[in-house]
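Next come the chains, spelled out residue by residue.
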Amino acid sequence: MGALKPWHIAVLVVVLILLFGAKRLPGAARSLGQSLRIIKAETKTLTDDDRDLAEKADAQHGRQPLPPSAQQAQQQPPAAPVVDPVQRARDN
């Protein structure tokens with residue numbers, strides 16, 4: 001039950017010939033094959049792109065920023081104290 005038997009295929013071929021005609025079937029099959037090749041190529045490039053992005057993300061994940069040198073730490077001015085603007089308005 002559900003198995004494709006040879007007479008099912010024969011009925012399908014007869015219906016296709018009646019619908020499209022014997023002259024159009026080879027062209028339709030050819031265009032269907034080309035479409036399937038294009039889809040296969042596109043899905044392959046998408047999976048390759050995903051793989052490349054994953055490799056790049058892994059490579060960047062391992063990077064660490066350089067620690068600041070002693071000179072850079074000494075050259076930075078001390079941070080100004082943070083004053084609340086509302087408090088400043090009340091003081092004046």
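Structure: above.
Residues numbered from 1 in each chain as written. Predicted model: local features only at pLDDT ≥ 70, side-chain atom pairs only at ≥ 80, totals over all residues. Heavy atoms only, no water.

Draft legend 1. Representation of a negative patch on the surface. On the surface, Asp-49, Asp-50, Asp-52 and Glu-55 cluster together to form a negatively charged patch. With respect to the helices and strands, the residue Asp-50 is situated in helix 2 (residues 25-61). (Patch = residues over 30% accessible without salt bridge, like charges linked within 9 Å, V, L, I, M, F, W, Y side chains within 5 Å. Areas by Shrake-Rupley, 256 points an atom, 1.4 Å probe, with all protein chains shown as cover. Salt bridge = Lys/Arg side-chain N within 4 Å of Asp/Glu carboxyl O. Lys, Arg positive; Asp, Glu negative; His and termini not counted. Charge placed at Lys NZ, Arg CZ, Asp CG, Glu CD. Helix = DSSP H or I, 4+ residues; strand = E, 2+ residues; numbered from the N terminus.)

Draft legend 2. Molecular detail of the environment of Ile-17. With respect to the helices, strands and loops of the structure, Ile-17 is situated in helix 1 (residues 6-20). Apart from the residues within four sequence positions on either side, Ile-17 is in contact with Ala-22 and Leu-25. (Contact = heavy atoms within 4.5 Å.)

Draft legend 3. Expanded view of the pattern of salt bridges. Evaluated as defined, the whole model comprises 2 salt bridges. Note that Lys-44 is salt-bridged to Asp-48, the shortest N-O span being 4.0 Å. Taken as a pair, Lys-44 and Asp-48 lie in helix 2 at a separation of 4 residues, close to a single helical turn.

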